[in-house]
Amino acid sequence: MFIKKFFDFIKKSPLKVKNNYYFQNSGLEKVQTIGIIGDSVSFGLKAKVNYGQYLQKATGGTVQNLARSGAHLSDNGQKSIFQQSQRLNQSDLYILQGTDDDWLANVPIGNKEDNEKKSYIGAFYQTVFQLQQRNPMAKIIIVTTTYQTPMWGSIVRRTDSTKNTLGHSLHDYMAAQVKACEDLKLPYVNLMRRVLFDPNKQLFREKYMPDGLHPNEKGHQIIAREIAMVYKNTFEQ
């Protein structure tokens, strides 16, 4: 019932709603501060409202969103997700979004023994460690990428199944990230489900993801809903 009410809530311009009624059963009303790190999706590129803004309005808390377009998870400079984690304030809830940028840049998937510069998974473990250092009591939720079908007009540029020069698809990176979440016992939001995001279909793109890559505000509603569901199912049991 909560999730249905929340989804109904965000469909009706939630930024104009002044109370937290739709979050009363989620536990998120207890969250005063949220820190978000990620790439252009978490940043909200091409969306009038991003999922962090939905969460902020619904909870009444403070959101610090350091996500940047084109950010690698691996540490390749100041805008990397790893370095974003070092600049976050202490928060009650951290949201770490996985990215497609390491895949596109042919960064190795790697393993947990790697450092933050060597591989995607090495950077994942080190970034989680940084978040835990910021606030050992904080809750952490990981968010995967979505399926993607970036378009040039009517031409498909690539899909999530396209292989990089290392022979890996985006699915390989997300599978490794999910395995790391399970190892670290971290809850994760799996957005790579066609029931949620299916940009291969033109009608879906038109409504939720016009360029086949970046969710619009309606797409961010889906992400906010999924985060709320994972929070409720993980931390309020």
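Calculation notes
Residues numbered from 1 in each chain as written. Predicted model: local features only at pLDDT ≥ 70, side-chain atom pairs only at ≥ 80, totals over all residues. Heavy atoms only, no water. Core = buried A, V, L, I, M, F, W, Y, C linked by side-chain atoms within 4.5 Å. Buried < 20%, exposed > 50% of the residue type's maximum accessible area, 1.4 Å probe, protein only. Helix = DSSP H or I, 4+ residues; strand = E, 2+ residues; numbered from the N terminus. Contact = heavy atoms within 4.5 Å. Pairing = 2+ DSSP bridges. Axes fitted to C-alpha atoms, helices over the stretch in contact; angles between N-to-C directions. Left-handed = near helix turned anticlockwise from the far one by under 90°.

Comments concerning the nonpolar core
Across soluble globular proteins, nonpolar side chains show a tendency to be buried alongside one another. Within the largest apolar cluster, 29 residues are counted, with the highest numbers of intra-cluster contacts made by Ile 37, Leu 73, Leu 96, Phe 124, Leu 131, Ile 140 and Ile 142. At the level of elements, strand E3 (93-97), helix H6 (120-134), strand E4 (139-143) and helix H7 (170-184) are the ones that each hand at least two residues to this core. Those residues in contact with Leu 96 that lie beyond four places of it in its chain are Ile 37, Leu 73, Ile 81, Phe 124, Thr 127, Val 128, Leu 131, Ile 141, Ile 142 and Val 143. Counting residues in each nonpolar core, the second largest holds 27 residues, with Val 31, Ile 141, Phe 197 and Val 230 among its members.

A closer look at the sheet that holds strand E1 (residues 33-37)
The parallel open sheet is built from 5 strands, whose spatial order is E2-E1-E3-E4-E7. This sheet does not close on itself; its edge strands, each paired only once, are strand E2 (62-65) and strand E7 (188-189). Two elements, E4 and E7, share 2 bridges in a ladder whose sense is parallel. In the sheet register, Ile 142 faces E7, and the bridge partner there is Tyr 188. Set on the sheet, H6 makes contact with E1, E3 and E4; between it and E3 the angle comes to about 165°. The sheet strands contacting helix H9 (residues 217-235) are E3, E4 and E7, and the helix crosses E4 at an angle near 135°.

What to know about the packing of H6 against H7
At a closest axis distance of 10 Å, the pairing of H6 and H7 adopts a crossing angle of 35°. The interaxial crossing formed by H6 with H7 has right-handed handedness. Residues Tyr 120, Ile 121, Phe 124, Tyr 125 and Val 128 of H6 pack against Tyr 173, Met 174, Ala 176, Gln 177, Ala 180, Cys 181, Asp 183 and Leu 184 of H7.

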